[in-house]
Each structure stands twice: as structure tokens, then as C-alpha cells.
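Now for the letters of each chain:
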Amino acid sequence: MNVLEAATLLGYVVAAMPNIQDKDLSATAKLWAVTMPDIPFKIGQQAVLKILREKKIPTVPLPGEIVDTVKQLVNGENKVNAPSDYEAWQEVRSKIDFYKPKIEWSHPAIAETVKIIGSRNICGGDYNVADRFMRVYNRIVKRENDQYENKITLKIANADTQNLITFVSKNKQIQLADR
């Protein structure tokens, strides 16, 4: 998303919220463009419209709200396209075979979970193996999602450090105290 696209999205927000129609939101548009360059305009537009439809208090959406809504719109909270824990467990139940050492799993998180728990333990069928599988699997998927978000944030920070410094110094919204 660039500054012009961010300003267009802010136009929707301003139209929906009369209390901010006389405010200068150019700094907000620049900040949105700096913090959300990985979000395409169309998806950002859908996210902002969804937020405006659900918002009860008339405030400008924060970039975090927009990013969270984009995640929900794209594929839930799951940026790594992993199947749900129940779907993963069904796949393991249908494919697992103690005598077959190499099984092709639909997602690396499933393979890692089977490796951690062990095919012998899964085939042994303890009464709580499904719960244990789902807990481990959900932790692995959460870790992968966090790593994905960290990579994107690092990429944004590396690419836009100079832009952010210029943005802050021009808008003087952050005051650094002299010590």
C-alpha cells in the first residue's frame, strides 16, 4: 500500500466519522503506508470497510486493527496456510503407518508434529493422543505464523528505516526529550 492508497482508505474513515472530518490526516496516511506496505490496496479496502461496519466507537483504525482484519479476511489467523488442527489430525489418522517410515504430509507442521510425538506413540493410541497432537500442532503453527510476521516486520523496518526517520522528523509528532 502506498501513501495515495492509504489516503483513499482514510477517506472512507473520514466519511464515516464526522468527528474527524476537519482534521489533517496526511501524517496518518504516511504512517499507514510505512507500516503496511505488504498489504495490497483491494484487501486493505475490504479490511477497512469491515472495520467500519463493525466499529462501535468512532475512532480511526490503528494499523494493527487493519492487519488483524486482513489476516482474518485472507485465511483466518493462519498466514502459513496450515490446515486446522482437526483436519491435520484426520490426515494423520488416515495416513499413519508404523511400518511406513516415509509418509508425505500435506504441510510441514504436520510432519514436525508427527516427528515430535512419534509415530509409535500415535499408532499406540493412548487415550489422549489426539489432544496431545492438536496442542503440539497448534504451537507449531503459531510459531510459524509468528516467524512469518517477524520476517515481514523486519523487511518493512529494513526497507523503511530512512522513510520512517524522515516521516517522524517532518511531522514532529514524537518529541525526544533531552537528557
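Refer to the structure printed above.
Since we're looking at a predicted model, the values are computed, not measured.

**So, the overall build of the protein**
Next up, step 1: Regarding its fold elements, the protein presents eight helices and zero strands.
Next up, step 2: Its helices and strands taken in sequence order, the protein reads α-α-α-α-α-α-α-α from the N to the C terminus.
Next up, step 3: Per-residue burial for the protein yields a buried fraction of 32% across its 179 residues.
Next up, step 4: Sequence-distant contacts, at least 24 apart, represent 63% of the contacts inside the protein between residues at least 6 apart.
Next up, step 5: Accessible surface, the protein as shown: approximately 11,800 Å² in total, 54% of it carbon and sulfur.

**Some points on helix 1 (residues 3-16)**
Next up, step 1: End to end, helix 1 covers 20 Å across 14 residues, agreeing with the expected 20 Å (1.5 Å per residue, within 8%).
Next up, step 2: All of the buried residues along helix 1 are Ala6, Leu9, Leu10 and Val13. In an axial view of helix 1, the angular spread of the buried residues amounts to 100 degrees, which keeps them on one side of the axis. Seen from the open side of helix 1, the exposed residues pointing more than 90 degrees away from its buried face are Leu4 and Ala15.
Next up, step 3: Close packing links the buried residues of helix 1 with helix 2 (26-35) and helix 3 (41-54).
Next up, step 4: The N-cap residue of helix 1 is Asn2: its side-chain oxygen and the backbone nitrogen of Leu4 are 3.1 Å apart.

**Thoughts on the pattern of salt bridges**
Next up, step 1: Scanning all chains against the criterion turns up four salt bridges.
Next up, step 2: Measuring nitrogen to oxygen at the nearest pair gives 3.4 Å for the salt bridge that ties Lys95 to Glu91. Taken as a pair, Lys95 and Glu91 lie in helix 5 (residues 85-95) at a separation of four residues, close to a single helical turn.
Next up, step 3: The partly exposed category is assigned to Lys95, whose relative accessible area is 34%.
Next up, step 4: Since its relative accessible area comes to 13%, Glu91 is described here as buried.

**Focus: the packing of helix 1 against helix 2**
Next up, step 1: At a closest axis distance of 8 Å, the pairing of helix 1 and helix 2 adopts a crossing angle of 125 degrees. One element, helix 1, and the other, helix 2, form an angle in the oblique class. Relative to helix 2, helix 1 is oriented so that their crossing is right-handed. Of the residues in helix 2, those in contact with Val3, Ala6, Ala7, Leu9, Leu10 and Val13 of helix 1 are Thr28, Ala29, Lys30, Trp32 and Ala33.
Next up, step 2: Its residues assigned to classes, the contact of helix 1 with helix 2 comprises nine nonpolar, one polar and one charged.

Parameters at a glance
- Residues numbered from 1 in each chain as written.
- Predicted model: local features only at pLDDT ≥ 70, side-chain atom pairs only at ≥ 80, totals over all residues.
- Heavy atoms only, no water.
- Helix = DSSP H or I, 4+ residues; strand = E, 2+ residues; numbered from the N terminus.
- Buried < 20%, exposed > 50% of the residue type's maximum accessible area, 1.4 Å probe, protein only.
- Contact = heavy atoms within 4.5 Å.
- Areas by Shrake-Rupley, 256 points an atom, 1.4 Å probe, with all protein chains shown as cover.
- Expected span 1.5 Å × (residues − 1).
- Arc of directions from axis to C-beta.
- Polar contact = N/O pair within 3.5 Å; in protein donor to acceptor, adjacent residues only side chain to side chain.
- Salt bridge = Lys/Arg side-chain N within 4 Å of Asp/Glu carboxyl O.
- Axes fitted to C-alpha atoms, helices over the stretch in contact; angles between N-to-C directions.
- Parallel < 35°, antiparallel > 145°, perpendicular 65-115°, else oblique.
- Left-handed = near helix turned anticlockwise from the far one by under 90°.
- Nonpolar A, V, L, I, M, F, W, Y, C, P; charged D, E, K, R; others polar.

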